[in-house]
Amino acid sequence: MFRMNHAPIDAVLKCRNKTLQLGTKTLVMGILNVTPDSFSDGGDFVSLKKAVERAKQMAAEGADMIDIGGESTRPGAERITLIEELRRVIPIVEAISTAIDLPISVDTYKAEVARQALKAGAHLINDVWALQGDVEMARVIVEFGCPVVLMHNRKEANYNHFLTDIVEDLQKSIEQAEKSGIDRKQIMIDPGIGFAKDYEQNLLLMNHLHELVALGYPVLLGTSRKSMIQQTLQLPADDVVEGTAATVALGIAQGCQIIRVHDIRQMKRVAAMTDAIVRR
């Protein structure tokens, strides 16, 4: 299991006026939720000052990019309006884009949020509905020529063949992206741990991440503090750093090239150690 079955994709993501080099090391995406109700850090960084301070801290700890989210996507979270999401996200994107010299990702499925965030200084889009949540999203990605993360998700967790269905769902979004004119070299995929999957399914998917890596697109893994880990360790979200570390190491060993995490300093070390082992 702890052997990289696929050589890392050696490529450069063109994040508008910035770049991200894939293939030399695992990239670390720092999570910055500017929401009052996210499952782990809801309410911690809703003010502009605290959000900028946190972004600077993550940059100092070694994050390669920052992912800003204005709407909680945890199971059962209340949907918010376009206006409210813009109110939360745009001022923070503007402030952080001038405060740190890192690519900024925006976690949204709404095309208008993506468009205004990119105008405000964002560099890539992390779409939790993989272009299926808003028919205009692909057009925005093409317009700005930015990278996009396509995360696996479903409205109903009804699967005929779990792993096969996930691969096929992602292939559908990839095909849609490329037909819309999105450069395949700008596409990343995310298995969607914790989204439309129960506990056992999440564990099963963690053991088969290499099947997504085999699709030939950089895989971003977002397991940080998630319920799968909390349930296994019987601990709250703010006390599962070791469990997150285990999932990060396993993901990198199977070929994941980007990790999306809360605890930058610790996971940067986990990634560096795992890279030293599996990239030989």
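Rules used in this analysis
Residues numbered from 1 in each chain as written. Predicted model: local features only at pLDDT ≥ 70, side-chain atom pairs only at ≥ 80, totals over all residues. Heavy atoms only, no water. Helix = DSSP H or I, 4+ residues; strand = E, 2+ residues; numbered from the N terminus. Rg over C-alpha atoms; globule rule 2.2 N^0.38 Å. Contact = heavy atoms within 4.5 Å. Salt bridge = Lys/Arg side-chain N within 4 Å of Asp/Glu carboxyl O. Buried < 20%, exposed > 50% of the residue type's maximum accessible area, 1.4 Å probe, protein only. Core = buried A, V, L, I, M, F, W, Y, C linked by side-chain atoms within 4.5 Å. Arc of directions from axis to C-beta. Polar contact = N/O pair within 3.5 Å; in protein donor to acceptor, adjacent residues only side chain to side chain. Phe/Tyr/Trp six-rings, centres within 6.5 Å; stacked < 30°, edge-to-face > 60°. Pairing = 2+ DSSP bridges.

1. What to know about the overall build of the protein
Move 1: In terms of helices and strands, the protein carries 10 helices and 10 strands.
Move 2: For the protein, the C-alpha radius of gyration of 17 Å lies close to 19 Å, the compact-globule estimate for 280 residues.
Move 3: Principal-axis analysis of the C-alpha atoms places the extent of the protein at approximately 45 × 40 × 35 Å.
Move 4: Taking the contacts inside the protein whose residues are at least 6 apart along the sequence as the reference set, 68% of them involve residues at least 24 apart.

2. Regarding the pattern of salt bridges
Move 1: The full count for this structure, using the stated rule, is 18 salt bridges.
Move 2: Among the salt bridges present, the one from K25 reaches D64, with a minimum N-O distance of 3.2 Å. With K25 in the loop between β2 (18–22) and β3 (27–33) and D64 in the loop between α1 (48–60) and β4 (65–69), this pair connects stretches of sequence that are 39 residues apart.
Move 3: We classify D64 as buried; its relative accessible area is 11%.

3. Topic: the nonpolar core
Move 1: Formed by 77 residues in total, the largest nonpolar core has its most connected members in L32, I68 and I96.
Move 2: Ignoring anything within four residues of it in the chain, the contact list for I68 reads L32, V34, I92, V93, I96, I104, S105, V106 and D107.
Move 3: Grouped together as the second largest cluster of nonpolar side chains are 12 residues, C15, L27, M65 and L220 included.

4. Section: helix α6 (residues 199–206)
Move 1: Residues Q201, N202, L205 and M206 constitute the buried set of α6. Around the axis of α6, the buried residues are gathered within 140° of arc, so they sit on the same side.
Move 2: Buried-residue contacts for α6 involve α5 (162–179), α7 (209–213), β9 (220–221), α8 (227–233) and α9 (241–253).
Move 3: Where α6 begins, the side chain of D198 points an oxygen toward the backbone nitrogen of E200, at a separation of 3.2 Å.

5. Comments concerning the packing of aromatic side chains
Move 1: Per the counting criterion, the structure on display carries one aromatic pair.
Move 2: Ring centres 4.9 Å apart and planes at 85° place the aromatic pair Y159 and F162 in the edge-to-face group.
Move 3: For F162, a relative accessible area of 11% gives the class buried.

6. Overview of the sheet that holds strand β7 (residues 148–151)
Move 1: The eight strands lie next to each other as β8-β7-β6-β5-β4-β3-β10-β9, forming an open sheet whose pairing is parallel. Taken across any chain shown, the strands that pair with only one partner, and hence form the sheet edges, are β8 (187–190) and β9.
Move 2: With four bridges joining them, β4 and strand β5 (residues 104–107) adopt parallel strand pairing. Bridge pairing in β5 places D67 opposite S105.

7. A short note on the side chain of H123
Move 1: Residue position: H123 is located in the loop between α3 (111–120) and β6 (124–127).
Move 2: In terms of polar contacts, H123 uses its side chain to reach the backbone carbonyl oxygen of G121, at 3.4 Å.

8. Some thoughts on the pairing of β2
Move 1: With burial as the criterion, only one face of β2 is covered, namely that bearing K18, L20 and L22; the residues T19 and Q21 on the opposite face remain uncovered.
Move 2: In this sheet, β2 lies alongside strand β1 (residues 11–15) in antiparallel orientation, the contact comprising five bridges. The residue of β2 that forms the bridge with A11 is L22.
Move 3: Adjacent in sequence and paired antiparallel, β1 and β2 are bridged by two residues, among which R16 carries a positive phi angle near 60°.

9. Here's the deal with the side chain of T274
Move 1: Structurally, the position occupied by T274 is in helix α10 (residues 264–278).
Move 2: Judged by its relative accessible area of 10%, T274 is buried.
Move 3: Engagement of the side chain of T274 in a polar contact is seen with the backbone oxygen of V270, the distance being 2.7 Å.

10. So, unusual backbone geometry
Move 1: The phi torsion at R16 lies on the positive side, around 60°, for a residue other than glycine.
Move 2: Positionally, R16 belongs in the loop between β1 and β2.
Move 3: In this structure R16 comes out as partly exposed when scored by relative accessible area, which is 37%.
Move 4: Of note in the backbone geometry, A130 takes a positive phi value of approximately 50° without being a glycine.

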